[in-house]
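Structural characterization, general
Chain by chain, the residues run as shown.
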Amino acid sequence: MLKAKVYVNLKNTVVDPQGLATKNALKSLNYEREIEEVRVGKLIDIRLDMSDRKKAEQMIDEMCKKLLSNPTIEDYSFTLEEVE
Amino acid sequence: MEFLRFGVVVFPGSNCDHDCFYVLNNVLKQDVKYIWHKEIEVRDVDCIVLPGGFSYGDYLRTGAIARFSPIMQGVIDFANKGGLVIGICNGFQILLEAGLLPGAMLRNKNVHFICKHVHIKLLNKNTPFTNLYKKDEVLKIPIAHNEGNYYIDEKGLKTLKENNQIVFQYCANPNGAADNIAGIINKEGNVLGMMPHPERSSEKELGSQDGLFIFKSIVEWVK
C-alpha cells in the first residue's frame, strides 16, 4: 500500500486572507519580531491500494490537476510513502 | 412562445433554489422546474439557473465538488450550444470551477462571511441578462458569501475588459474582488456569473426590486 500526502497552497502571487489573519493573531501572541509570513494551505492524505510507485505518482498528479487543486490560484506538491 | 422554461439545478446544499423557483414561477409567472444534480442531461429548458447555497458543504473549494456532479456535463454541453446559464453566488463559484467562466474565488479579504445589501453598477447592458436596465444603472442588491473575493491574473483581467465581459462592479468593494468585480459574462455572452442575489431583491417587500430585471431581461431576450 502507498500513502500520498498532497499539499495544496495558494500561489505566491495570490493574496492569502487566511494567512494574513493568522499572522496578525500570532503577532498579538507576542511573536511580533520573528514572524515574516504565514500562508494557510491544505493537506490531503490519500491511501492507495497499489504498489507501483510510478503509476501512483502519475495518478496523484492527475488528481491534483483535475480536482484537488485549482491551477488558477493554487500550487500543489505531494510525497508518496510505503505503508502497511 | 408563451412561457419561458427555466431549470433550477439542485445540488446537495443548495439553499437559494426555492427562492429562484418562487421568483420565476410566482412573481414572473414563467415555467420552472427543478433539475436534480444526478440527472445527466438538460432537457426542455431555455435557461439554466445555478442557485446559491453551499453545495457539498463547500468542501475542498467552493463549487469544486459540485462541478463534477453528473448534471454539470449536461450544463456545459447546454452552454457550449449557446444555451443561457446564470450562476448566482455559489452558482457563480461552480461556473468558475467548471471553466465556463475565467478566474477563481478567494476568501473574503476580511475573512468574514458578509451578508448585506450592496450597490453594484451595471457596465454592460447588451446581454441577455441585463437588457432591461438603463445604461450605467446602479442596483441595490444583497450579497451573502464567504468566498466572493474574485481573482484573475492581469492578462485575464485585460481580456475581460477588452471584451466587455465585466457586467457588474461593486460601488464599494466589500470583499477584495479584483477590479471591484461582482459579475462577469463569458466571451460568447450566454453564461453569466454574479455574487449578488437577484432572487432576494425581486419584490418590494424585500426592500429592493432591482434584481427582478435580471430575470425579466432573460424572458425579454428569449421572446
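Let me sum up the structure you'll find in this document. Predicted, not measured: the structure shown is a model, and the values here were computed from it. (Residues numbered from 1 in each chain as written. Chains lettered and ligands numbered in written order. Predicted model: local features only at pLDDT ≥ 70, side-chain atom pairs only at ≥ 80, totals over all residues. Heavy atoms only, no water.)

Considerations on the overall build of chain A
This is how it is decided: Helix and strand assignments come from DSSP, with helices taken as H or I runs of at least 4 residues and strands as E runs of at least 2, each series counted from the N terminus. For the radius of gyration, the atom set is restricted to C-alpha positions; the globular benchmark scales as 2.2 Å times the number of residues to the power 0.38. Between buried and exposed lies partly exposed: a residue is buried under 20% and exposed over 50% of the maximum accessible area for its type, with that area taken using a 1.4 Å probe on protein chains only. Residue contacts are counted whenever heavy atoms from the two residues lie within 4.5 Å of one another. When charges are tallied, Lys and Arg are placed among the positive residues and Asp and Glu among the negative ones, while His and the ends of the chain are skipped. Charge placement uses NZ in Lys and CZ in Arg. For Asp and Glu, CG and CD serve respectively.
The number of helices and strands found in chain A is 2 helices and 3 strands. Counting from the amino terminus, chain A carries its helices and strands in the arrangement β-α-β-α-β. Relative to the compact-globule value of 12 Å for 84 residues, chain A shows a C-alpha radius of gyration of 16 Å, a clear excess of over 25%. Considered along the principal axes of its C-alpha atoms, chain A spans approximately 45 × 30 × 15 Å. When each of the 84 residues of chain A is scored for burial, the buried share is 31%. Considering only residue pairs separated by 6 or more positions, chain A has 71% of its internal contacts joining residues 24 or more positions apart. Placing the 14 positive and 16 negative side-chain charges of chain A at their respective mean positions leaves the two points 2 Å apart.

Concerning the packing of aromatic side chains
All names here are of chain B. Applicable threshold: Pairing of aromatic rings covers Phe, Tyr and the six-membered ring of Trp, with a centre-to-centre limit of 6.5 Å; geometry is then stacked below 30 degrees between planes, edge-to-face above 60, and tilted otherwise. The rule is short: NZ of Lys or CZ of Arg within 6 Å of the ring centre and within 35 degrees of the ring normal puts a charge over the ring.
In total, this model carries 4 aromatic pairs over all chains according to the counting rule given. Ring plane angle 25° and centroid distance 4.6 Å describe the contact between Phe 21 and Tyr 34, whose orientation is recorded as stacked. Taken together, the positions of Phe 21 in helix H1 (residues 17-27) and Tyr 34 in strand E2 (residues 31-36) put the pair 13 residues apart, joining distant regions of the chain. Relative accessible area serves as the criterion here: at 30%, Tyr 34 is assigned to the partly exposed category. Lying over the aromatic face of Phe 68, Arg 67 brings its terminal NZ or CZ to 4.3 Å of the ring centre.

A word on unusual backbone geometry
All names here are of chain B. Non-glycine residue Asp 44 carries a positive phi angle of around 55°. For Asn 180, which is not glycine, the phi torsion reads 60° and is therefore positive. Tracing the chain through its elements places Asn 180 in the loop between strand E9 (166-170) and strand E10 (181-185).

Things to note about the sheet that holds strand E3 (residues 74-82) of chain A
All names here are of chain A. Stated formally: What makes two strands pair is DSSP finding at least two bridges between them. Lines fitted to C-alpha atoms define the axes, with helix axes restricted to the stretch in contact, and inter-axis angles between N-to-C directions lie between 0 and 180 degrees.
What the 3 strands build is an open sheet, ordered E2-E1-E3; its pairing is antiparallel. Two strands bound the open sheet, and with one partner strand each, they are strand E2 (42-48) and E3. Shown here is a sheet whose adjacent strand axes are inclined to one another by a mean of 20°, direction ignored.

Side note on the sheet that holds strand E3 (residues 47-50) of chain B
Residues and elements named next belong to chain B. With respect to topology, 9 strands assemble into an open sheet ordered E2-E1-E3-E4-E11-E10-E9-E6-E7, the strand pairing being mixed. Two strands bound the open sheet, and with one partner strand each, they are E2 and strand E7 (138-145). Averaged over all neighbouring strand pairs, the angle between strand axes comes to 25°, with direction disregarded. Where strand E1 (residues 5-10) and E3 come together, 3 bridges link them in parallel fashion. The residue bridging Gly 7 from the neighbouring strand is Ile 48, located in E3.

Some points on the pattern of salt bridges
Residue and element names in this part refer to chain B. Stated precisely, the cut-off is as follows: A side-chain nitrogen of Lys or Arg and a carboxyl oxygen of Asp or Glu constitute a salt bridge if their distance falls within 4 Å.
For the coordinates displayed, the defined rule picks out 12 salt bridges over all chains. Note that Arg 61 and Glu 97 form a salt bridge whose closest N and O atoms lie 2.8 Å from each other. You can see Arg 61 sitting in the loop between E3 and helix H2 (70-80) and its partner Glu 97 sitting in helix H3 (residues 90-97), a full 36 residues away along the chain. Of the two residues, Arg 61 and Glu 97, both sit in the buried class. Among the ionic pairs, Asp 179 bridges to Lys 161, the shortest N-O distance being 3.8 Å. Of this pair, Asp 179 sits in the loop between E9 and E10 while Lys 161 is found in helix H4 (residues 154-162), placing the two residues 18 residues apart along the sequence. Assessed through its relative accessible area of 47%, Lys 161 is described here as partly exposed.

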